[in-house]
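Structure at a glance
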Protein chains: 2
Amino acid sequence: MTEPPGPMRQVQIAHIATEYYVHGKTRIEIAEQTGLSRFKVGRLLDEAVESGIVRFEISSPSNVSLDLSVRLRERFGLDHAVVVAIPTDSEVTVQEALGATTADLLGEVLADDDILGLTSGRTLNAMARSLTSLRCHNVVQLAGVAGPIQQSGLEVMRRVSMLDGVRPWPIYASLLMSDAQAAEGVRRQPDIRQTFDQFSRVTVAVGAIGSWVPRNSLMYENRALNDADRRRILDRGVVAEIAATLVTDSGEVVHDLDSRSIAVSEKQLRAIPTRIGAAGGPTKVRAIRAVLTAKLLTGLVTDSETAQQLLAG
Amino acid sequence: MTEPPGPMRQVQIAHIATEYYVHGKTRIEIAEQTGLSRFKVGRLLDEAVESGIVRFEISSPSNVSLDLSVRLRERFGLDHAVVVAIPTDSEVTVQEALGATTADLLGEVLADDDILGLTSGRTLNAMARSLTSLRCHNVVQLAGVAGPIQQSGLEVMRRVSMLDGVRPWPIYASLLMSDAQAAEGVRRQPDIRQTFDQFSRVTVAVGAIGSWVPRNSLMYENRALNDADRRRILDRGVVAEIAATLVTDSGEVVHDLDSRSIAVSEKQLRAIPTRIGAAGGPTKVRAIRAVLTAKLLTGLVTDSETAQQLLAG
DNA sequence: GCAATCCTTGCTCATGTGAGCATGATAGTT
DNA sequence: AACTATCATGCTCACATGAGCAAGGATTGC
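To keep things clear, this report deals only with the structure shown in the data block. (Residues numbered from 1 in each chain as written. Chains lettered and ligands numbered in written order. Predicted model: local features only at pLDDT ≥ 70, side-chain atom pairs only at ≥ 80, totals over all residues. Heavy atoms only, no water.)

Notes on the packing of helix α1 (residues 7-22) of chain A against helix α3 (residues 38-50) of chain A
Residue and element names in this part refer to chain A. Packing of α1 against α3 brings their axes to within 9 Å, and their N-to-C directions diverge by 100°. When the interaxial angle is binned, α1 and α3 end up roughly perpendicular. Each of R9, Q12, I13, I16, A17, Y20 and Y21 in α1 lies in contact with α3, whose residues at this interface are K40, V41, L44, L45, E47, A48 and V49. For the contact of α1 with α3, a count of residues per class yields 10 nonpolar, one polar and three charged. (Axes fitted to C-alpha atoms, helices over the stretch in contact; angles between N-to-C directions. Helix = DSSP H or I, 4+ residues; strand = E, 2+ residues; numbered from the N terminus. Parallel < 35°, antiparallel > 145°, perpendicular 65-115°, else oblique. Contact = heavy atoms within 4.5 Å. Nonpolar A, V, L, I, M, F, W, Y, C, P; charged D, E, K, R; others polar.)

Written out as structure tokens, the structure reads:
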């Protein structure tokens, strides 16, 4: 971006730039039309870019913030990164928007023979609401119901089950039991075992991310945890959870609750080729970073402000 | 501009488009980086343009409306067309802006060995005020002073004369005489004759355009004209004047006043290779179109609203 | 006046790119 | 299951383009 050229030169450059970029003519055609040499045309086009007369505006027709998406992808080595350009109003609007975009993303990523794995969570509820059809036939619930309210926890699977041709593999159980033995008992149940057997076949997983510090997690609220549990886990540096996998800032996985959880294990999760997280909002930034650091995800759907903070950190 | 692609595809396209257009990488480089074939990259770039993810924005760093300039140029077969993007506020602000841009244009167009010809007029006064230096050595006044006020009519030459290294060839006379004999007498004056002798050497002319219908012309006001003159000329369909050349809507030149005028003749004017008109504002549209139709100009500086009306007509 | 310098211009040749085609996959239909 | 239409993919070959260079012209300094 140097000195602006004189007005006539600007007009000439603009003419050539329009012919080349907008009308798609070749430099040689333009040269013939204008009587210039093709080299001259090329240099004027260079000048058009340098002087800022042509600018390349790269923007999404929908509300995807492309620049942030690309940077996020490269920064955290993701295969799929989608940043939704929305103001961080309320948590609810963020979740709605992320849910809708995650639904779009699924429609794009999924193939017929994929097997989809889902966790519960409010963003995923929003996603389920936006889904009108699903290309794949099997949907596997990856974790028991996290929050205190069974009703909303089951909504994801309930909605997905209503779609044409979908075979659901639900988990009618809470995410956490109060002791290992109870969990073992639940896992032995035939219907739950059936679902667990699907974990290894899942090819695409979509999961919510819970934040323990600051607190924004349905798992944290789970009634099977007592205060001692929560304190102990926090003391071990846990800041985030995905499915029932607990993660610290440095990306280490804490296995404290493994034996008590009704969910896909860390190992099983990592075996899934495509693992997309859907989370956003200011309370989730630290948790998302932790989960990304742990390399638990291959994709992320988030909002623009969160993306910026992830990139800044 | 078809269906927007899915979010991930958008991100991929955005990435590729950024690499190609903004960072200037080749398709082959991008193909190697991303693992795609160069054809795939090419098709994604096509899609980027089609879907509107990349847009080519062509805009002036100064306030030149490039699109209109180009269209004006092509529509009227001009070599130089500059449309200044200003709201049509008062006549004065339009004249100021046109003057400043015309000065820029001169700085660009003029070479050392050019000989500049000027008429008088308010837009040209504004131009003279904006001129800080002039690359050429000889400036020739092409027409006597048009308006009733000698003072302002001479301002253009006065200002230009003050610039470094400029040799002025002024005409200290009114544009029109009351009869042919008086005009003949004036033309015989040695100093005026000297200036007239320069006409054939002038290479670049800048002229104001006067409008007779609607009325916005200093020439029309000239005291050497009586009401009968004015009526007769209007009856012959004259709508515009440049220097002392009268033009009708259809672009015909009316020679009614030739013998009485102290100015470059139509023939002499047409012999000048570069002839730039500077005029704008709603009252001048019809006059400008007439002068353009007469092919009296090779260039035009005007405002955006006037340009739009010229193109619309 | 002359040389040194810079800038502009258009060239060559290696490289990048587009049009059109053949191939293989996919989806819908009989 | 076979057939057809459609689409995506990657090829060839002709064409468009970029990097670097050499010639000409202008500018500057002595």
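Read on, since the account is not over.
Observations regarding the protein's contact with DNA strand D
Y20, T26, R27, I28, R38, F39 and R43 of chain A together with S37, R38, F39, K40 and R43 of chain B make up every residue found near DNA strand D. The sugar and phosphate moieties of DNA strand D supply 43% of its atoms located within 4 Å of the protein. For DNA strand D, a phosphate oxygen lies 3.0 Å from a polar atom in the side chain of S37 of chain B. Within the side chain of R43 of chain B, one N or O atom sits 2.6 Å away from a base oxygen of DNA strand D. Looking at the surface near DNA strand D, the elements with two or more residues in it are α2 (27-34) and α3 of chain A together with α3 (38-50) of chain B. The element that contributes the greatest number of residues to the surface near DNA strand D is α3 of chain B, accounting for four residues. Residue classes in the surface near DNA strand D are distributed as four nonpolar, two polar and six charged. (Near = heavy atom within 4 Å. Polar contact = N/O pair within 3.5 Å; in protein donor to acceptor, adjacent residues only side chain to side chain.)

A few points about helix α15 (residues 304-312) of chain A
Residue and element names in this part refer to chain A. Buried residues of α15: S304, T306, A307, L310 and L311, and no others. The buried residues of α15 occupy an angular sector of 160° when projected down its axis, which confines them to one face. Buried positions along α15 lie against α4 (66-76), β2 (80-84), α14 (285-293) and β11 (299-303). (Buried < 20%, exposed > 50% of the residue type's maximum accessible area, 1.4 Å probe, protein only. Arc of directions from axis to C-beta.)

Description of helix α5 (residues 91-109) of chain B
Here α5 of chain B is 19 residues long and its end C-alpha atoms lie 26 Å apart, about the 27 Å a rise of 1.5 Å per residue gives. For α5 of chain B, the complete set of buried residues consists of V94, Q95, A97, L98, G99, T101, T102, A103, L105 and L106 of chain B. (Expected span 1.5 Å × (residues − 1).)

Notes on the side chain of S217 of chain B
Residue and element names in this part refer to chain B. The residue S217 is located in the loop between β6 (204-211) and α11 (218-221) in this model. Only 3.1 Å separates the side chain of S217 from the backbone nitrogen of M219, close enough to count as a polar contact. Here the side chain of S217 touches Y220 through a polar contact of 3.0 Å, landing on its backbone nitrogen. Ignoring any residue separated from it by four or fewer positions in sequence, one finds S217 in contact with G210, S211, W212 and E241.

Points about the interface of chain A and chain B
Counting from both sides, the interface comprises 41 residues of chain A and, opposite them, 40 residues of chain B. At the boundary of chain A with chain B, total buried surface from both sides reaches about 3300 Å², with 65% on carbon and sulfur atoms. With a closest N to O distance of 2.6 Å, E57 of chain B and R55 of chain A form a salt bridge. Looking at the side of chain A that touches chain B, the elements that each hand over two or more residues are α1, β1 (54-58), α4, β2 and α5 (91-109) of chain A. Looking at the side of chain A that touches chain B, the element that brings in the most residues is α1 of chain A, giving 12 residues. (Buried area = accessible area lost by both parts, 1.4 Å probe. Salt bridge = Lys/Arg side-chain N within 4 Å of Asp/Glu carboxyl O.)

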